[in-house]
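Per-entry structural report
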Amino acid sequence: RGITMAEVSIDPEQQRVFYGFVREFVISLILGICFYTVSYTIVSYFRRNRDRDDPIIREDTAVYMITTMLCSIAVTVSLGAMVLLPSSIISNEIRHLYPHTYYVKWLNTSLITDLWNLVFL
């Protein structure tokens, strides 16, 4: 015999904290993927094309892939740091202009603080 939904009592505060954490994680993941895609494109554009210079050995290919990935991660952190200050100012102004709008309630202080911590820690 399993537990039915009527038998489970969920604290509304725990539910709010859980959904807030999930929301912050999803937004951070989407922003991270977007920034990484842009930074990988930038690094790939400026990387020297070695195909026409000399044949690439298998070990060299692994080294080039790892260095491209590390450079892309560094550029991702730089893009995040560059975009974070203006976006946090703009989101704060939007929250003050439209405090009771349903569509901007997800812009809370916890989200902005977590984004700052992800970029700078």
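The rules behind each value
Residues numbered from 1 in each chain as written. Predicted model: local features only at pLDDT ≥ 70, side-chain atom pairs only at ≥ 80, totals over all residues. Heavy atoms only, no water. Salt bridge = Lys/Arg side-chain N within 4 Å of Asp/Glu carboxyl O. Helix = DSSP H or I, 4+ residues; strand = E, 2+ residues; numbered from the N terminus. Expected span 1.5 Å × (residues − 1). Buried < 20%, exposed > 50% of the residue type's maximum accessible area, 1.4 Å probe, protein only. pLDDT = per-residue confidence, 0-100. Arc of directions from axis to C-beta. Phe/Tyr/Trp six-rings, centres within 6.5 Å; stacked < 30°, edge-to-face > 60°. Contact = heavy atoms within 4.5 Å. Axes fitted to C-alpha atoms, helices over the stretch in contact; angles between N-to-C directions. Parallel < 35°, antiparallel > 145°, perpendicular 65-115°, else oblique. Left-handed = near helix turned anticlockwise from the far one by under 90°. Nonpolar A, V, L, I, M, F, W, Y, C, P; charged D, E, K, R; others polar.

1. Some points on the pattern of salt bridges
All told, the structure shown has two salt bridges when counted by the stated rule. When the shortest N-O distance is used, the salt bridge between Glu24 and Arg23 registers 3.7 Å.

2. Here's the deal with helix H1 (residues 12-46)
The terminal C-alpha atoms of H1, which comprises 35 residues, lie 51 Å apart, in line with the 51 Å expected from a rise of 1.5 Å per residue. Inspection of H1 places Gly20, Glu24, Ile27, Ser28, Ser39 and Val43 among the buried residues, and these make up the whole buried set.

3. Observations regarding the confidence of the model for the chain
Any segment with low pLDDT has predicted coordinates that should not be analysed in fine detail. Across the chain, pLDDT averages 83, with 85% of residues at or above 70. Mean pLDDT across the secondary structure elements of the chain bottoms out at helix H3 (residues 109-120), with 83, and peaks at H1, with 90.

4. As for H3
Along its twelve residues, H3 runs 16 Å from first to last C-alpha, staying within 8% of the 16 Å computed at 1.5 Å per residue. Buried within H3 we find Leu111, Ile112 and Leu115. Down the axis of H3, the sector holding all buried residues measures 95°, keeping them to one side.

5. Focus: the packing of aromatic side chains
This structure, assessed with the given rule, holds four aromatic pairs. Judged by centre distance (6.3 Å) and plane angle (25°), the ring pair of Tyr36 and Tyr40 falls under stacked. A residue pair is termed a helical-turn pair when its members lie 3 or 4 positions apart in one helix, as Tyr36 and Tyr40 do in helix H1 at four residues. Judged by its relative accessible area of 29%, Tyr36 falls in the partly exposed class. When the ring of Trp116 is compared with that of Phe120, the centres are 5.2 Å apart and the planes differ by 25°; the resulting orientation is stacked. Placement of both Trp116 and Phe120 in helix H3 is noted, with a separation of four residues, approximately one turn of the helix. Among the residues examined, Trp116 registers a relative accessible area of 29% and is labelled partly exposed.

6. Some thoughts on the environment of Lys105
Within the secondary structure, Lys105 sits in the loop between helix H2 (58-97) and H3. On the accessibility criterion, Lys105 (52% relative accessible area) is exposed. In this structure, the C-alpha to C-alpha distance between Lys105 and Arg95, residues ten residues apart in sequence, is 7.7 Å.

7. A few points about the side chain of Thr68
Position of Thr68 among the secondary structure elements: in helix H2. Among residues more than four places away in sequence, those in contact with Thr68 are Tyr40, Val43 and Arg47.

8. What about the packing of H1 against H3?
Taken N-terminus to C-terminus, the directions of H1 and H3 make an angle of 45°; their axes are 10 Å apart at the nearest point. Put simply, H1 runs oblique to H3. Pair H1 / H3 crosses with right-handed handedness. Counted together, Arg23, Glu24, Ile27, Ser28 and Leu31 of H1 and Ser110, Leu111, Asp114, Leu115 and Leu118 of H3 form the full contact between these two elements. Taken together, the residues of the contact of H1 with H3 sort by class into five nonpolar, two polar and three charged.

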